[in-house]
Amino acid sequence: MTTAPWRDPALPAAARVDDLLSRMTLEEKTAQLYGVWVGAATDGAARAEGVAPHQHDMTADYDWAELITQGLGQLTRSFGTAPVDPALGAQALARAQRRIAAAGRFGIPAVAHEECLAGFTAWRATAYPVPLAWGATFDPPLIEEMARRIGEDLRSAGVHQGLAPVLDVVRDPRWGRVEETIGEDPYLTGTIGTAYVRGLESAGVIATLKHFAGYASSAGARNLAPVRAGVREFADITLPPFEMALREGGARSVMAAYNETDGVPASADRALLTELLREQWDFTGTVVADYFGIGFLQTLHRVAGTPAQAAHVALAAGIDVELPTLKCYGKPLVEAVRAGEVPEELVDRAARRVLLQKCELGLLDEDWTPEPRVSHLDLDSPANRALARRVAEESVVLLDNPDGVLPLPPDARVAVVGPRAADALAMLGCYSFPSHVLTHHPEVPMGIEIPTVLESLRAELPDAKVTFAEGCGVSDRDPTGFEDAVARASEADLCLAVLGDRAGLFGRGTSGEGCDATDLRLPGVQAELLDALVATGVPVVLVLLTGRPYALGRWEGRLGAVVQAFFPGEEGGPAVAGVLSGRVNPSGRLPVSVPREPGGQPWTYLQPPLGLAGEVSNLDPTPLYAFGHGRSYTSFAWEDFQGTASQIPTDGTYDLSLTVRNTGERAGAEVVQLYLHDPVASVTRPDVRLIGYQRVELGAGEARRVTFRFHTDLSSFTDRSGRRVVEPGVLELRLGASSADVRHTARVTLTGAIRELGSDRRLLCEVGVSAPALPVDQDSSPTDSNRHRCTARATNSASGSGSSGSSAS
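Residues numbered from 1 in each chain as written. Predicted model: local features only at pLDDT ≥ 70, side-chain atom pairs only at ≥ 80, totals over all residues. Heavy atoms only, no water.

Enquirer: Outline the overall build of the protein chain, listing residues and values.
Expert: Summing up its helical and strand segments, the protein chain has 20 helices and 28 strands in all. On the principal axes, the C-alpha backbone points of the protein chain span a range of 75 × 70 × 50 Å. For the protein chain, buried positions account for 65% of its 809 residues. Put simply, the protein chain shows about 27100 Å² of open surface, and 48% of that area lies on carbon and sulfur atoms. Charge separation in the protein chain, taken as the distance between the mean sites of 74 positive and 102 negative side-chain charges, equals 2 Å. (Helix = DSSP H or I, 4+ residues; strand = E, 2+ residues; numbered from the N terminus. Buried < 20%, exposed > 50% of the residue type's maximum accessible area, 1.4 Å probe, protein only. Areas by Shrake-Rupley, 256 points an atom, 1.4 Å probe, with all protein chains shown as cover. Lys, Arg positive; Asp, Glu negative; His and termini not counted. Charge placed at Lys NZ, Arg CZ, Asp CG, Glu CD.)

Right, dumping it as structure tokens:
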């Protein structure tokens with residue numbers, strides 16, 4: 001039997017796909033451009049019930065058996081729609097894939113995608129910390145390791161594509177999806193996000209960058225609200241993390257955002273999705289729609305009058321795949337092409353990209369099989385839990401401990417108070433399976449063990465006398481429970497106030513998608529509860545389990561200590577308890593500023609001069625705790641700072657180094673942060689911005705030499721004409737423990753002409769870490785055995801059916 005060229009794995013993928021496309025009908029090509037939302041547990045027969053606005057009217061009717069005779073592009077969330085045993089789910093997904101392949105002329109299966117924002121969003125799968133906690137680790141290699149493990153679990157279940165990471169840079173912390181972001185700085189977001197991409201892709205899973213682009217800059221922090229960001233903010237803050245994750249991480253998919261920017265919806269923006277993404281950045285992968293995003297061009301944005309027009313606009317802009325299910329790219333698109341209203345070339349272009357990716361995944365090969373790789377799927381293995389614990393421990397931030405109240409004495413009398421102390425869901429973000437899906441299935445058990453802070457503290461300190469009172473609910477307006485809480489606190493040596501958020505969707509939580517906040521006061525009457533506890537005179541340690549930062553200036557100087565954890569996942573309880581007991585030396589650093597006052601937002605640390613405190617306004621936006629801040633139970637000395645020549649050309653490099661020494665009595669980790677200050681530029685610039693960092697783990701008395709190599713490309717910005725340039729003049733390079741805690745400064749003068757940069761510019765700072773006794777060659781690149789990017793630690797690394805499907809991704 002002669003094998004068709006498109007089946008021949010010896011041929012180049014492009015040649016195989018060209019041959020396949022030449023054999024396909026319009027309907028067969030179009031079928032590759034949409035997903036169908038089915039549940040593996042029901043073999044794809046039913047549509048997910050709506051849980052969010054607009055979901056019902058965004059889903060077209062179809063006959064599954066008839067539909068798949070033309071083929072199918074994607075299967076949506078076979079595991080993430082309803083609780084299904086992982087092994088049974090994998091078998092059901094395999095049956096669905098065999099049915100799809102058998103129904104069509106070419107035997108091509110679908111790409112199966114799932115959410116993986118904080119782990120594989122499936123029942124009984126590990127719930128890792130949320131991305132904001134990733135940012136708090138300042139540890140890209142750890143996040144890469146976590147992502148690789150998530151990817152391996154996805155692949156073992158038959159999933160090909162993961163809808164993560166979120167690379168939106170926080171612009172207003174009132175936005176509900178802050179918990180899904182990595183932080184308020186583009187360099188931190190880019191480097192941590194790139195590490196996640198590398199890990200996922202290394203497991204053979206397609207990483208999907210979202211949300212491209214500008215989604216987090218919505219007016220008033222309202223979900224899906226218009227974006228009014230200027231061109232320079234877009235170019236210098238919004239876009240760099242995406243560019244980094246594509247160039248340095250190798251992401252193979254991008255998700256178009258819901259938002260409009262200056263009147264143009266991202267899903268209709270050819271300048272964004274084609275000219276920038278493909279022509280300037282040379283992206284060759286697939287662009288997928290956010291859930292129902294193409295239909296929204298008609299129903300919400302009103303830039304199309306019919307589903308066919310919406311399909312035309314989106315295809316022309318550059319969206320290849322409609323998700324989560326067919327609405328516009330199905331029958332309406334086919335009829336519009338037949339009528340001559342939509343060029344068939346647009347269908348061919350998108351289908352070619354989809355089929356090339358399927359070819360990469362082996363889905364066009366004759367020996368393809370959908371059967372799971374393993375007979376037993378353990379998606380919450382001991383190794384997973386250990387890694388989840390490590391990420392959680394590194395992400396906990398000790399904001400303050402002025403009188404050394406922490407660590408807790410092992411035999412202390414402790415009153416644990418607050419609505420987050422005894423609730424397992426306090427650990428999880430809105431895209432974890434228990435919060436995202438199981439709330440619609442109350443009869444189904446959690447599926448994973450999630451120790452609470454209260455349980456974990458009792459296990460951590462078995463000799464302590466621990467009492468508990470809830471005090472209030474997360475969103476309660478009634479202080480009825482205060483009396484009991486105050487009584488428990490008054491009887492104790494110390495009170496732990498465990499407060500924070502409840503993750504949810506579309507108003508069903510205080511944090512999460514569609515759960516935007518009017519201001520940054522603690523939800524409900526939690527602030528009043530904290531006031532009542534402080535008034536007892538008993539030292540109060542505030543423990544926050546949140547999805548965003550909250551204003552804490554009201555209690556400045558009144559608390560014994562403050563511990564911040566951003567939804568730290570299933571092992572978050574033991575991690576927090578470990579910090580409280582001293583078993584864990586806290587090393588997390590703030591990926592977002594903690595405000596002093598609840599109003600006056602939006603504000604992040606990336607402010608030009610007039611965005612800072614000054615005489616022109618009575619409002620002082622200076623945060624209580626700055627970006628990058630975090631304390632430790634040990635102390636560090638920053639010694640022997642050195643720099644190279646004070647003048648370099650606008651295409652040159654500059655080395656600066658110092659020795660970090662642990663001067664305390666226990667092991668700990670310091671995070672050395674490199675900031676850029678540009679005193680004079682042709683456009684206003686942020687007063688300081690992060691351009692490099694290094695996490696340094698040190699035993700008691702141990703020291704390491706850290707050398708940063710600054711390249712002038714890292715000082716570039718978008719000028720008045722829209723060019724990315726490096727300008728001559730004086731710069732300050734500041735080494736600090738946070739954006740506000742500068743330890744050493746080097747002034748360097750850039751000489752020569754203005755230099756325009758292209759898409760090949762350097763995006764990452766380099767760093768070397770060595771023993772301090774070794775000589776440091778200031779005239780060469782860091783070359784010790786631990787040479788790595790400034791975000792690496794030891795290696796080269798940038799530094800369905802069911803009732804719970806979400807309407808968004």
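Once you've had a look at it, read on.
Enquirer: Account for unusual backbone geometry, with residues named and values stated.
Expert: Residues Ala 164 and Pro 165 are joined by a peptide bond in cis, for which omega reads 10°. Within the element layout of this structure, Pro 165 appears in the loop between β4 (161–163) and α7 (186–202). With omega at 0°, the peptide bond leading from Leu 406 into Pro 407 counts as cis. Turning to its location among the elements, Pro 407 is positioned in the loop between β10 (397–400) and β11 (413–417). Phi angles above zero are rare outside glycine, and Ala 221 is one such case at about 65°. Judged by its relative accessible area of 0%, Ala 221 is buried. Despite not being glycine, Arg 302 shows a phi value in the positive range, around 60°. Among the structural elements, Arg 302 can be located in the loop between α11 (293–299) and α12 (307–317). The exposure class assigned to Arg 302 is exposed, which follows from its relative accessible area of 71%.

Enquirer: So what's going on with the sheet that holds β10? Residues and values would help.
Expert: Pairing is mixed in the open sheet, where six strands are placed in the order β10-β15-β14-β13-β11-β12. Edge strands, defined here as strands with exactly one partner in the open sheet, are β10 and β12 (465–469). With direction set aside, neighbouring strand axes in the sheet form an average angle of 20°. Alignment of strand β14 (residues 540–546) against strand β15 (residues 561–566), held across six bridges, turns out to be parallel. The residue bridging Leu 544 from the neighbouring strand is Gln 564, located in β15. (Pairing = 2+ DSSP bridges. Axes fitted to C-alpha atoms, helices over the stretch in contact; angles between N-to-C directions.)

Enquirer: Give a description of the confidence of the model for the protein chain that names residues and reports values.
Expert: Per-residue pLDDT for the protein chain has a mean of 92; in total, 92% of the residues score no lower than 70. Contacts of residues 40–51 to residues separated by more than four positions or lying in other chains number 47 contacts, the stretch itself having pLDDT below 50. When the criterion is pLDDT under 50, residues 774–807 qualifies, and its contacts beyond four places in sequence or with other chains add up to 148 contacts. (pLDDT = per-residue confidence, 0-100. Contact = heavy atoms within 4.5 Å.)

Enquirer: Describe the environment of Phe 717, with residues and values.
Expert: Along the chain, the position of Phe 717 falls in strand β22 (residues 717–718). Sequence separation of Phe 717 and Glu 639 is 78 residues, and the distance between their C-alpha atoms is 32 Å. The contact partners of Phe 717, leaving out residues within four places of it in the chain, are Asp 236, Asp 678, Ala 681, Ser 682, Val 683, Arg 685, Arg 723, Arg 724, Val 725 and Glu 727.

Enquirer: Lay out the packing of aromatic side chains in plain terms, naming residues and giving numbers.
Expert: Each pair of aromatic rings is reported with the distance of its centres and the angle of its planes. Scanning the entire structure with this criterion turns up 15 aromatic pairs. Ring geometry for Phe 79 versus Phe 120: centroids 5.4 Å apart, planes at 70°, classification edge-to-face. Of this pair, Phe 79 sits in the loop between β2 (74–76) and α4 (86–103) while Phe 120 sits in the loop between β3 (111–115) and α5 (131–137); the two residues are 41 residues apart in sequence, bridging distant segments of the chain. You'll find Phe 79 and Phe 120 in the same group, each marked buried. Judged by centre distance (5.1 Å) and plane angle (65°), the rings of Phe 212 and Phe 242 are edge-to-face. Of this pair, Phe 212 sits in strand β5 (residues 206–212) while Phe 242 sits in helix α9 (residues 240–247), placing them 30 residues apart in sequence. Just as Phe 212 is buried, Phe 242 falls in that class too. Every member of this aromatic cluster is reached through a ring pair, and the members are Phe 138, Tyr 187, Tyr 605, Phe 627, Tyr 675 and Tyr 693. The ring centre of Trp 123 lies 5.7 Å from the NZ or CZ of Arg 124, which sits over that ring. Sitting over the face of the ring of Tyr 431, Lys 210 holds its NZ or CZ atom 5.6 Å from the ring centroid. (Phe/Tyr/Trp six-rings, centres within 6.5 Å; stacked < 30°, edge-to-face > 60°. Lys NZ or Arg CZ within 6 Å of the ring centre and 35° of its normal.)

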